[in-house]
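Given next are the chains, with one letter for each unit.
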Amino acid sequence: LPEYYGLNLKDIPEDKSKHFTAIFRENINKYLFKGEDAVTVACLFEDFYPKKINLFIGFLQDAGFFTKQDALNYFKKYVDLVLNGYLDLYLLYGIALEGHQQNTLAIFEKGQIKRFIARDLDGTRVFANTLKSQNDKHSNHLTELIIAYSLPNASWRAGFIISSIL
């Protein structure tokens with residue numbers, strides 16, 4: 001989602017002011033269909049009121065899932081959506097999004113998870129050789145800010161996958 005404004009405090013040391021910042025982005029409702037709700041993934045496992053359970057469990061119950069097997073199936077769908085969304089881009093096209101929970105919105109409809117939206121593309125990296133191998137017509141127009149010429153090491157890839165899922 002495009003960022004319109006940023007807010008930070010002046011005349012305060014950076015180590016303290018970094019905790020008092022805000023980013024104002026385009027309204028997410030522009031990208032939602034009727035009946036959909038968007039939740040930052042980082043919030044899914046926080047308690048909410050009046051139910052005093054975490055949001056993920058609340059959505060699960062709203063979708064009509066109450067058994068252990070229902071919960072496992074629901075979580076499997078969540079993981080499948082995350083992995084397919086992020087890893088297909090990475091493995092097929094060499095496009096690595098900064099897929100951590102703060103920058104990812106989960107989209108729900110009647111408690112059912114439908115899709116994800118990545119809202120911060122500053123950490124995006126494009127691995128030129130992988131993209132070119134797909135005969136992509138845009139691969140020659142990448143900026144040096146996002147291009148990489150070698151794939152990251154295995155520990156980076158593992159961290160990327162884990163941070164996207166959990």
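Please refer to the structure placed before this passage.
Residues numbered from 1 in each chain as written. Predicted model: local features only at pLDDT ≥ 70, side-chain atom pairs only at ≥ 80, totals over all residues. Heavy atoms only, no water.

*Asks:* Looking at this model, I keep getting lost on the sheet that holds strand β8 (residues 112-118). Mind explaining?
*Replies:* The strands making up a sheet are joined through hydrogen bonds of the backbone, oriented either antiparallel or parallel. With antiparallel pairing, the 3 strands of this open sheet are ordered in space as β3-β7-β8. On the outer flanks of this sheet lie β3 (36-40) and β8, each paired with one strand and no other. If you compare each strand with its neighbour and ignore which way they point, the axes differ by 30° on average. Relative to strand β7 (residues 104-109), β3 is paired through 5 bridges, and the arrangement is antiparallel. Considered in β7, the bridge of Val-39 is made with Ala-106. Where helix α3 (residues 68-93) meets the sheet, its contacts fall on β7 and β8, and the angle it forms with β8 comes to roughly 25°. (Pairing = 2+ DSSP bridges. Helix = DSSP H or I, 4+ residues; strand = E, 2+ residues; numbered from the N terminus. Axes fitted to C-alpha atoms, helices over the stretch in contact; angles between N-to-C directions. Contact = heavy atoms within 4.5 Å.)

*Asks:* Is there a simple way to think about unusual backbone geometry in this case?
*Replies:* In most cases, non-glycine residues show a negative phi, while peptide bonds are predominantly trans. In this structure, Asp-11 takes a positive phi of about 60° despite not being glycine. If you check the backbone angles, Lys-110 has positive phi at about 50° while not being a glycine. Its relative accessible area of 70% is what places Lys-110 among the exposed residues. (Buried < 20%, exposed > 50% of the residue type's maximum accessible area, 1.4 Å probe, protein only.)

*Asks:* Please clarify how helix α2 (residues 55-62) should be interpreted in this entry.
*Replies:* Spacing of three or four residues puts side chains on the same side of an α-helix, whose turn is 3.6 residues. All of the buried residues along α2 are Leu-55, Phe-56, Gly-58, Phe-59 and Leu-60. Considering only its buried residues, α2 is in contact with β3, β4 (47-48), β5 (53-54), α3 and β7. By the N-cap criterion, in which a side-chain oxygen at the helix start approaches the backbone nitrogen of a residue two or three places on, α2 is capped by Asn-54, the distance to Phe-56 being 3.1 Å. Count one or two residues on from α2 and you reach Gly-64, which has phi positive near 90°. (Polar contact = N/O pair within 3.5 Å; in protein donor to acceptor, adjacent residues only side chain to side chain.)

*Asks:* Hey, could you run me through the packing of aromatic side chains in this one?
*Replies:* Two aromatic rings, taken as a pair, are described by how far apart their centres are and by the angle between their planes. Tallying each qualifying case throughout the model produces 8 aromatic pairs. Look at Phe-56 and Tyr-78: their rings are 5.6 Å apart centre to centre, the planes differ by 80°, and that puts the pair in the edge-to-face class. Remark: Tyr-78 occurs in helix α3 and Phe-56 occurs in helix α2; sequence separation between them is 22 residues. Residue classification places Tyr-78 among the buried positions, given a relative accessible area of 0%. Measuring from ring centre to ring centre gives 5.6 Å for Phe-75 and Tyr-78, while their planes differ by 25°; the resulting arrangement is stacked. Placement of both Phe-75 and Tyr-78 in helix α3 is noted, with a separation of 3 residues, approximately one turn of the helix. Looking at Phe-75, the relative accessible area reads 31%, which means it is partly exposed. Linked through ring pairs, Phe-45, Phe-56, Phe-65, Tyr-74, Phe-75, Tyr-78 and Phe-116 together constitute an aromatic cluster. (Phe/Tyr/Trp six-rings, centres within 6.5 Å; stacked < 30°, edge-to-face > 60°.)

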